[in-house]
Amino acid sequence: MKKSLLSLVASFMACMAIADGIYYHPDFYFDKMSSNGKWLATQTMGTVYIYDRDKDTYYEFIASEDAVSEYYATGIGNCWSDDGILVGSVNDVDCAYWMDEEWNELPINREENLGLNIANGITPDGSRIVGSVGISSISIYSEQMIKPVYWDRLPDGSYDMYKELPYPATDFCGRVPQYISAVCISDDGKTILGQIVDWSGWYIYPIVYQQQADGSWTYKTYAEGILYPKGSTFGVWPGEEPTAPNGTEFMSEEELAVYSVDYNNYMDAYNKFLNDQLDWEDVPEEPNPADYIKDADRLAAYLAALQEYQDTLNEYYRKSSEFEMQLANTMYGNSFIFNNLYISGNGKYINSTIRGVDVSNPTRPKSVHTPTRIDLNDGSITSVAGATDMIASSVMNDGRSIAQNPFMAYGRNSFIVSTDGKTMTPFIDYLAQMNYDAWEFVKDISTYDVLYVESYDDYGNPSYGVYNDSIVVGSVHCNSNGTIFTSFMYDEWSEGNVTRQFSYQIDFNEFEGVENIENDAIGAYAVNNTLYLKGDAEKVTIYNLQGAVVARYNNPSSTIALHLTGGIYLVEVSDKACSYVNKVIIK
């Protein structure tokens, strides 16, 4: 069992419980949350920070100064169990899990699992962990570097040696992939989400593993129709580049001894040049093995081997060029973002981001990033309508998801995306629909005067404008039920050039009168001056905060256009069985 020093973070960094269900964490940007909301974690530069909500306690595990000899990382996927097991890695080689205030090693094969090993996801009950183990060290050669695995918990609470998930031997076009990973896992442990990174490293796409009734595993990849047209065929990959003959194999012992001295002198001089210790003109020419082979027959054999290599290399380049040209003409130019992966707890949906290229202006093509949800039941693909600069976040059991904007920024806004991908509700408006106290708290801590580039002069110098009182809610994530939300934020505007970081958490389960948000039979929320109704309402009554009735609707449709001045109102929705009251904000 591997233990590590535990230290409590200073009290000035303590969590602030603003009210029931509202938690504020100054100085932390927590991006990992258990599905019950009780555990939070983040990592930065090899240091991991953990928060236990029940104990109101922070923990930190600090990287060594070189960030190599001691280094901690959280898993990339849903890395928390509900009872406080955090999966990740220690020192980049040890798959590990944190439990009961100490780190423990997961069993791996140290002779075979070279390179990067990491545990990425865990079921809420802690019974199964998924991750990736190294097959080969990181190199420039065409070797697959990691493979997908899972660990099952034993009766004594420890974890068994990993089992390997099935995966394809090649990428979508027949080449050896760089990575095949396992990142996220469904609540029942039977659906696992990972990624394949192709031979080139440019094309990335999801792979989903599913356990069948007999315990066996199958997999399906999601590249066809997204990265390239359905039914596409690719040429034959010519394989690895030919290797030049080794001239030393044609030398006698005496010839090799002379060559080795000259070659070592050359390498010493070349390394000094690389370290700015020698000018290039003072570096001798690299020794040519042919100049050291004195026997005519051996020299002829070496030169013939060189010619055969050159002929083979030329043919390889011809075939490789044909293959690459056909590949380029076939591909859409899309790829999924590396390690941007989410799975719903029920295993029905996955969420990620597709990177593409906008060439509407040929002189200035630009990257576009679109959050995209895949329904694993029918394989349907739903991208967020109109999104070009966003990144995917959590996906819920009912198919709704979260998208964040912009793609590359420290301070982001977040949106609740409808199941059809056509409607994005700003998170701040969603809070206004759900709970007034949560809305007011987030609004107060997330309102800024934001600088933006208004124009450029003839020399390319920017002129700035200011968006006053802008609400920027941060990068929001949630559990699969959509009842607990957490966000982390980099505030670049409040304190000049100093970036302030913080996190907050909204737990609707702790709000009075909110038992199960996703199962409410009726409900109401407002976006701008439109009221949206859930369920079959028979009557809607709207009150101002003084209790006066300002509007009534009988047998309303699912949307009502309001004609009210901006402010806060109480909306009562009634059907035959019950009534529902909620505060809404009209803008």
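One can find the structure itself at the top, above this paragraph.
Just so we're clear, the structure is a prediction, and the values are computed from it rather than from any experiment.

Caption draft 1: Representation of the overall build of the protein. Secondary structure summary: the protein contains four helices and 41 strands in total. Referenced to the eigenvectors of the C-alpha coordinate spread, the extents of the protein come out at roughly 110 × 60 × 55 Å. Expressed as a percentage of the 587 residues in the protein, the buried residues total 48%. Considering only intrachain contacts with a sequence separation of at least 6, the fraction spanning at least 24 residues in the protein is 51%. For the protein, the accessible area works out to roughly 28,900 Å², and carbon and sulfur atoms hold 49% of it. Once the 36 positive and 82 negative side-chain charges of the protein are each reduced to a mean point, those two points are 10 Å apart.

Caption draft 2: A look at the side chain of asparagine 479. Locating asparagine 479 in the fold gives a position in the loop between strand S32 (475-478) and strand S33 (484-495). Not counting the four nearest positions on each side in its chain, asparagine 479 is found in contact with Met33, Ser35, Met396 and Ile484.

Caption draft 3: Highlighting the sheet that holds strand S40 (residues 567-574). In spatial order, the strands read S38-S37-S40-S41; together these four strands make up an open sheet with antiparallel pairing. Each edge of the sheet is formed by a strand with only one pairing partner; in this case those strands are strand S38 (549-554) and strand S41 (579-586). For this sheet the average axis-to-axis angle between neighbouring strands, irrespective of direction, equals 20 degrees. Note that strand S37 (residues 539-543) and S38 share five bridges and pair antiparallel. Each residue of the ladder has a partner; that of threonine 541, found in S38, is arginine 552.

Caption draft 4: Highlighting the nonpolar core. Grouped together as the largest cluster of nonpolar side chains are 36 residues, with contacts concentrated most on Phe172, Ile192, Tyr209, Leu227, Leu327 and Met331. The set of elements that each furnish at least two residues to this core consists of strand S17 (184-185), strand S18 (191-197), strand S19 (204-211), helix H2 (296-330) and strand S23 (349-358). Beyond its immediate chain neighbours, meaning those up to four positions away, methionine 331 contacts Phe172, Tyr203, Leu227, Tyr228 and Phe234. Among the nonpolar cores identified, the runner-up in size contains 31 residues, and Phe427, Ala432, Ile445 and Val472 belong to it.

Caption draft 5: Examining the pattern of salt bridges more closely. Evaluated as defined, the whole model comprises 19 salt bridges. One salt bridge connects arginine 175 with aspartate 171, and the closest N-O pair in it is separated by 4.0 Å. For the pair arginine 175 and aspartate 171, one class covers both residues: buried. The salt bridge involving aspartate 491 is made with arginine 500; its shortest N-O contact spans 3.0 Å. A single salt-bridge network, built from bridges that share partners, covers Asp171, Arg175, Asp198 and Glu324.

Caption draft 6: Structural detail: a nonpolar patch on the surface. On the surface, a cluster of nonpolar side chains totalling about 530 Å² of accessible area is made up of Leu451, Val453, Tyr456, Tyr464 and Val466. Within the residue set of the nonpolar patch, elements represented by two or more residues are strand S30 (447-456) and strand S31 (462-471). With three residues, the top contributor of residues to the nonpolar patch is S30.

Caption draft 7: How the structure looks around the environment of serine 127. For serine 127, the position within the fold is in the loop between strand S12 (118-122) and strand S13 (128-134). For the pair serine 127 and serine 158, spaced 31 residues apart in sequence, the C-alpha separation works out to 9.9 Å. Not counting the four nearest positions on each side in its chain, serine 127 is found in contact with Trp151, Asp152, Arg153 and Tyr159. At 2.8 Å, the side chain of serine 127 and the side chain of aspartate 125 are in polar contact.

Caption draft 8: Structural context of the packing of aromatic side chains. Applying the stated rule across the entire model yields 43 aromatic pairs. Centre to centre, the rings of tyrosine 59 and tryptophan 98 are 5.4 Å apart; their planes meet at 55 degrees, and the pair counts as tilted. On the criterion of sequence distance, the pair formed by tyrosine 59 in strand S7 (residues 57-61) and tryptophan 98 in strand S10 (residues 94-99) is long-range, its members being 39 residues apart. A single burial state applies to tyrosine 59 and to tryptophan 98, both of which are buried. Taken together, a centroid distance of 5.8 Å and an interplanar angle of 50 degrees make the contact between phenylalanine 61 and tyrosine 72 tilted. You can see phenylalanine 61 sitting in strand S7 and its partner tyrosine 72 sitting in strand S8 (residues 72-74), a full eleven residues away along the chain. With relative accessibility at 3%, the residue tyrosine 72 sits in the buried group. What links up through ring pairs into an aromatic cluster is the set Trp39, Tyr59, Phe61, Tyr72, Trp80, Trp98 and Trp103. Sitting above the plane of the tryptophan 202 ring, arginine 355 keeps its charged end 4.1 Å from the centroid. Here the guanidinium or amino end of lysine 443 rests over the ring plane of tryptophan 439, the centre of that ring lying 5.3 Å away.

Cut-offs used in this document
- Sequence order sets the numbering: in each chain, residues are counted from 1 along the sequence as written.
- With the structure being a predicted model, the display of local features is reserved for residues of pLDDT at least 70 and the display and counting of side-chain atom pairs for 80 or more, all residues being used for whole-chain, interface and lining totals.
- For the side-chain quantities, the full set of heavy atoms in the structure was used; hydrogens and water were omitted.
- For helices the rule is a DSSP run of H or I covering at least 4 residues; for strands it is a run of E covering at least 2, with both sets numbered from the N terminus onward.
- Only protein chains enter the area calculation, which uses a 1.4 Å probe; residues under 20% of their type maximum are buried, those over 50% are exposed, and those in between are partly exposed.
- Contacts are assigned to residue pairs that have any heavy atoms within 4.5 Å of one another.
- The accessible surface values rely on the Shrake-Rupley method and a 1.4 Å probe; as for residues, cover is taken only from the protein chains in view.
- Counting rule applied: Lys, Arg positive; Asp, Glu negative; His and chain ends not counted.
- Charged groups are reduced to one reference atom each: NZ for lysine, CZ for arginine, CG for aspartic acid, CD for glutamic acid.
- Here, strands pair whenever DSSP counts at least two bridges between them.
- Every axis in this analysis is a line fitted to C-alpha atoms, fitted for helices over the stretch in contact. Angles between the N-to-C directions lie between 0 and 180 degrees.
- Residues enter a nonpolar core if they are buried and are Ala, Val, Leu, Ile, Met, Phe, Trp, Tyr or Cys, with the set joined through side-chain atoms within 4.5 Å.
- Take a side-chain nitrogen of Lys or Arg and a carboxyl oxygen of Asp or Glu: if they are within 4 Å of each other, that pair is a salt bridge.
- Surface patches are drawn from residues lacking salt bridges whose relative accessible area is over 30%; two like charges belong together within 9 Å, two nonpolar side chains (Val, Leu, Ile, Met, Phe, Trp, Tyr) within 5 Å.
- Any pair of N or O atoms that falls within 3.5 Å is considered a polar contact. Within protein, one atom must be able to donate a hydrogen and the other to accept it, and sequence-neighbouring residues count only if both atoms are side-chain atoms.
- Stacked, edge-to-face and tilted labels apply to pairs of Phe, Tyr and Trp rings (six-membered ring for Trp) whose centres lie within 6.5 Å, assigned for plane angles under 30 degrees, over 60, and everything in between, in that order.
- Two conditions define a charge located above a ring, namely a distance within 6 Å from the ring centre to NZ of Lys or CZ of Arg, and an angle within 35 degrees of the ring normal.

Everything listed is a geometric property; what it means functionally is a separate question.
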